[in-house]
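This is what each chain is made of:
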Amino acid sequence: MEPNTVEKPSVTVLGLGAMGTALARAWLAAGHPLTVWNRTPARAAALTPEGARVAGSAAQAVAASALVVVCLLDDSSVDQVLAGVDLAGRDLVNLTTSTPAQARARAAWARRHGARYLDGGIMAVPPMIGVPEAGGYVFYSGSRALFERHRETLGVPVGTTYVGDDAGFAALYDVALLSAMYGMFAGAAHAFALIRREDIDPAALAPLLADWLVAMIPAVHQTADHLRSGDYTKGVVSPLAMQVAGTPTFLRTAEQQGVSPELLRPYFDLMRRRLAEGGGEEDLTGVIDLLVQ
Ligand code: FVH
């Protein structure tokens, strides 16, 4: 069989923290010519045995490839790294976690500097990179043409999900999912705190907790249905009035177990407010309307 002589697109990666390094390794493993730069040079040098070319500056790294992937700590580190760098004609893909407003401002900034721009929100942790069965992916938003041009290369380390031409949407989806994750972790923290002083093995609670959370997850589809239709009572099996009646039991149990209610109480307060406004036959969808200011 003839060897495959078609060169894969070259990629530049700026930022070699845990995530940038995992991304860089995936492109190297797939045979993409890769140029890297990192503020702390040792992290870049560590990739030379795998074939990475190490640039002496961010500007040199940007000049090396049409596709420039940025994966830095935060938006202000992106400012610092790209200050004064010639971006004209580059395809800039920013995977740094940002707010939607920062992403939109970065897109406008890139345009002013002559670059095309895609923003990304990474729904994966570093060990999931380069492991397709782990199910990680990156939300992309901004130029669809740019996304299509680099879809194959961007899909090498982890899956891709394009969510629209508004550059802020990838960040918005990213933060929405991660916010839900923190809510889930907060609930799990409260559950573990409740058993902390008892003779109960946390490892015995963990699988029960995980299975229960998984069983409850489909409720988000009903929530979406309610929000779309405006009818928050459709198909409700656990009405808000019943749920609010149960909240003193949760708060008393927390008190009896010596556990602060500070994670639970704000949500219960919102449930009570919605009930007071007449939402007793709904489930929990009405709480969303209280949050939106
Ligand atoms: N790691 C994770 O679990 C999450 C998964 C979801 C997505 N996040 C976001 O990815 C961005 C990078 O995260 P990371 O895990 O690579 O972060 P660190 O390992 O802390 O590496 C940070 C890199 O940023 C460089 N850096 C920081 N400040 C500056 C600066 N002022 N000038 C230049 N570079 C800077 C840092 O360089 P150094 O410390 O090695 O010199 C690292 O390369 C992030 O947005 C996550 O939210 C990861």
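What counts as what
Residues numbered from 1 in each chain as written. Predicted model: local features only at pLDDT ≥ 70, side-chain atom pairs only at ≥ 80, totals over all residues. Heavy atoms only, no water. Helix = DSSP H or I, 4+ residues; strand = E, 2+ residues; numbered from the N terminus. Buried < 20%, exposed > 50% of the residue type's maximum accessible area, 1.4 Å probe, protein only. Contact = heavy atoms within 4.5 Å. Lys, Arg positive; Asp, Glu negative; His and termini not counted. Charge placed at Lys NZ, Arg CZ, Asp CG, Glu CD. Pairing = 2+ DSSP bridges. Right-handed = clockwise from strand over helix to strand, strands pointing away. Axes fitted to C-alpha atoms, helices over the stretch in contact; angles between N-to-C directions. Polar contact = N/O pair within 3.5 Å; in protein donor to acceptor, adjacent residues only side chain to side chain. Phe/Tyr/Trp six-rings, centres within 6.5 Å; stacked < 30°, edge-to-face > 60°. Lys NZ or Arg CZ within 6 Å of the ring centre and 35° of its normal. Left-handed = near helix turned anticlockwise from the far one by under 90°. Nonpolar A, V, L, I, M, F, W, Y, C, P; charged D, E, K, R; others polar.

1. With respect to the overall build of the protein
Line of reasoning, step 1. Helix and strand content of the protein: twelve helices and eight strands.
Line of reasoning, step 2. Along the longest, intermediate and shortest principal axes, the C-alpha atoms of the protein span 65 × 45 × 45 Å.
Line of reasoning, step 3. Out of the 293 residues in the protein, the part that is buried amounts to 40%.
Line of reasoning, step 4. Partitioning the contacts of the protein with sequence separation of at least 6, the portion at a separation of at least 24 is 58%.
Line of reasoning, step 5. Here the protein carries 23 positive and 29 negative side-chain charges, and the mean point of each set is 6 Å from the other.

2. Details of the pairing of strand 2 (residues 34-37)
Line of reasoning, step 1. Neither face of strand 2 is open: one carries Leu34 and Val36, the other Thr35 and Trp37, and all of them are buried.
Line of reasoning, step 2. For strand 1 (residues 11-14) and strand 2, the ladder comprises four bridges, and the chain directions are parallel. Considered in strand 2, the bridge of Thr12 is made with Thr35.
Line of reasoning, step 3. In this view, the connection linking strand 1 to its parallel neighbour strand 2 by way of helix 1 (residues 18-29) has right-handed handedness.
Line of reasoning, step 4. Here strand 2 pairs with strand 3 (residues 53-54) via two bridges, running parallel. Counterpart to Thr35 in the pairing with strand 3 is Arg53.

3. Considerations on the side chain of His32
Line of reasoning, step 1. By the element assignment, His32 lies in the loop between helix 1 and strand 2.
Line of reasoning, step 2. Residues within four places of His32 in sequence aside, it is in contact with Lys8, Pro9, Val11, Trp27, Thr153 and Val156.

4. Focus on the sheet that holds strand 1
Line of reasoning, step 1. Overall, mixed pairing links the eight strands, which are arranged 3-2-1-4-5-6-7-8 in an open sheet. A single partner strand is all that each edge strand has here, and the edge strands are strand 3 and strand 8 (159-162).
Line of reasoning, step 2. Relative to strand 7 (residues 137-142), strand 6 (residues 116-123) is paired through six bridges, and the arrangement is antiparallel. Bridging from a neighbouring strand, Gly121 pairs with Phe139 of strand 7.
Line of reasoning, step 3. Each of strand 5 (91-94) and strand 6 touches helix 5 (residues 100-112); the most contacted strand, strand 6, lies at about 150° to it.

5. Structural notes on the side chain of Ser98
Line of reasoning, step 1. Along the chain, Ser98 turns up in the loop between strand 5 and helix 5.
Line of reasoning, step 2. One polar contact links the side chain of Ser98 to the main-chain carbonyl oxygen of Thr96, over a distance of 2.9 Å.
Line of reasoning, step 3. Ser98 has contacts with Ala103, Ala171 and Val175, leaving out every residue within four places of it along the chain.

6. Let's talk about the packing of aromatic side chains
Any two aromatic rings considered together are summarised by their centre-to-centre distance and by the angle between their planes.
Line of reasoning, step 1. A full pass over the atoms with the stated rule returns five aromatic pairs.
Line of reasoning, step 2. Measuring from centroid to centroid gives 5.0 Å for Tyr137 and Phe139, while their planes differ by 85°, and the two rings are edge-to-face.
Line of reasoning, step 3. Judged by its relative accessible area of 22%, Tyr137 is partly exposed.
Line of reasoning, step 4. Ring centres of Tyr140 and Phe147 lie 5.6 Å apart, and the angle between their planes is 40°; on these two criteria the pair is classed as tilted. Taken as a pair, Tyr140 and Phe147 share a single burial class, namely buried.
Line of reasoning, step 5. Through pairs of rings, three or more aromatic residues link up here, namely Tyr137, Phe139 and Tyr173.
Line of reasoning, step 6. The ring of Trp109 carries the charged tip of Arg106 above its face, separated from the ring centre by 4.8 Å.

7. Let's talk about the environment of Thr223
Line of reasoning, step 1. Looking at the element boundaries, Thr223 is found in helix 9 (residues 219-229).
Line of reasoning, step 2. The exposure class of Thr223 is partly exposed, given its relative accessible area of 23%.
Line of reasoning, step 3. Sequence separation between Thr223 and Val292 is 69 residues; the distance between their C-alpha atoms is 15 Å.

8. Looking at the packing of helix 10 (residues 240-256) against helix 11 (residues 265-276)
In a packed pair of helices, the relevant descriptors are the angle between the two axes and the axis-to-axis distance.
Line of reasoning, step 1. Axis separation between helix 10 and helix 11 bottoms out at 10 Å; the angle between their running directions is 145°. Crossing of helix 10 against helix 11: the hand is left-handed. When helix 10 is examined against helix 11, the residues Leu240, Ala241, Gln243, Val244, Thr247, Phe250 and Leu251 are found in contact with a partner set consisting of Arg265, Phe268, Met271, Arg272, Arg274 and Leu275.
Line of reasoning, step 2. Looking at side-chain class alone, the contact of helix 10 with helix 11 contains eight nonpolar, two polar and three charged residues.

9. Looking at the packing of helix 7 (residues 169-195) against helix 8 (residues 202-216)
Line of reasoning, step 1. Between helix 7 and helix 8, whose axes approach to 11 Å, the crossing angle comes to 145°. As for the relative orientation of helix 7 and helix 8, their crossing is right-handed in sense. Here Met184, Ala188, Ala191, Phe192 and Ile195 of helix 7 lie close against helix 8, whose contacting residues are Pro202, Leu205, Ala206, Leu209 and Leu213.
Line of reasoning, step 2. By residue class, the composition of the contact of helix 7 with helix 8 is ten nonpolar, no polar and no charged.

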